[in-house]
Amino acid sequence: MLNTRRELARNVGTELIALEELVDGALVGLAAVQSTAIAGRRAAKLPLHTGQEALEQLAGAMPALIAVRKAIHDAHLTFRAVQDDMRVGPISYGDYGDTPRETVPMGGAEAAPVLTLVDAAA
């Protein structure tokens, strides 16, 4: 049963990491399209308003992608709690990220937090 739980945790983690990479890739791609369009307009010596509507549409997509990224990160943290509830220990994916355990070794000694969540006072 423990092996089944470990496999489940590993499979979900692998899928989440792949999804996180896709969303980050979409954000990078969105920025690249905007940059290419602006640089191309300048190089072609076109009027400033050229492509403005498209740039506005792309800019509107950015907050949506950021919201998706946050939701996936929150889900990752929630799945981590499920993993803990199943009594399955941490699973290494070969790197140090902010979601799996939020720590990174310091000079081969103790671990130090690399992500701190702070609630803003309203």
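Residues numbered from 1 in each chain as written. Predicted model: local features only at pLDDT ≥ 70, side-chain atom pairs only at ≥ 80, totals over all residues. Heavy atoms only, no water.

Q: Could you give an account of the pattern of salt bridges, naming the residues involved and the relevant values?
A: Side chains bearing opposite charge may pair, as long as their charged atoms lie close to each other. Scanning the model with the defined rule gives 2 salt bridges in all. Between R69 and D24 there is a salt bridge whose closest N-O contact spans 2.6 Å. Highlighted residues: R69 in helix 2 (residues 52-85) and D24 in helix 1 (residues 2-43), separated in sequence by 45 residues. Using a relative accessible area of 43% as the deciding quantity, one classes R69 as partly exposed. Its salt-bridge partner being K70, residue D74 comes within 2.8 Å of it at the nearest N-O pair. On the criterion of helical spacing, the pair formed by D74 and K70 is a turn pair, its members being 4 residues apart in helix 2. (Salt bridge = Lys/Arg side-chain N within 4 Å of Asp/Glu carboxyl O. Helix = DSSP H or I, 4+ residues; strand = E, 2+ residues; numbered from the N terminus. Buried < 20%, exposed > 50% of the residue type's maximum accessible area, 1.4 Å probe, protein only.)

Q: Report on helix 2, specifying residues and quantitative values.
A: Compared with the 50 Å implied by 1.5 Å per residue over 34 residues, the 50 Å span of helix 2 between its first and last C-alpha is a close match. Residues of helix 2 that are buried include every one of L55, I72, H73, H76, L77 and Q83, and no others. Contacts made by the buried residues of helix 2 are with helix 1. Once helix 2 finishes, R87 follows within two positions and takes phi at roughly 65 degrees, a positive value. (Expected span 1.5 Å × (residues − 1). Contact = heavy atoms within 4.5 Å.)

Q: Hey, could you go over the confidence of the model for the chain for me, with residue numbers and the actual values?
A: Confidence in the prediction of the chain, expressed as mean pLDDT, is 80, and 74% of residues score 70 or more. Mean pLDDT in the chain bottoms out at strand 2 (residues 111-113), which sits at 45, and peaks at helix 1, which reaches 93. In the model, residues 108-122 has pLDDT below 50 throughout and makes 17 contacts with residues more than four positions away in sequence or in other chains. (pLDDT = per-residue confidence, 0-100.)

Q: With reference to specific residues and values, describe the packing of helix 1 against helix 2.
A: Remark: helix 1 packs on helix 2, axes separated minimally by 10 Å, with the N-to-C direction vectors making an angle of 165 degrees. One element, helix 1, and the other, helix 2, form an angle in the roughly antiparallel class. The two elements helix 1 and helix 2 cross, and the hand of that crossing is left-handed. Of the residues belonging to the contact of helix 1 with helix 2, the class tally is 22 nonpolar, 3 polar and 3 charged. (Axes fitted to C-alpha atoms, helices over the stretch in contact; angles between N-to-C directions. Parallel < 35°, antiparallel > 145°, perpendicular 65-115°, else oblique. Left-handed = near helix turned anticlockwise from the far one by under 90°. Nonpolar A, V, L, I, M, F, W, Y, C, P; charged D, E, K, R; others polar.)

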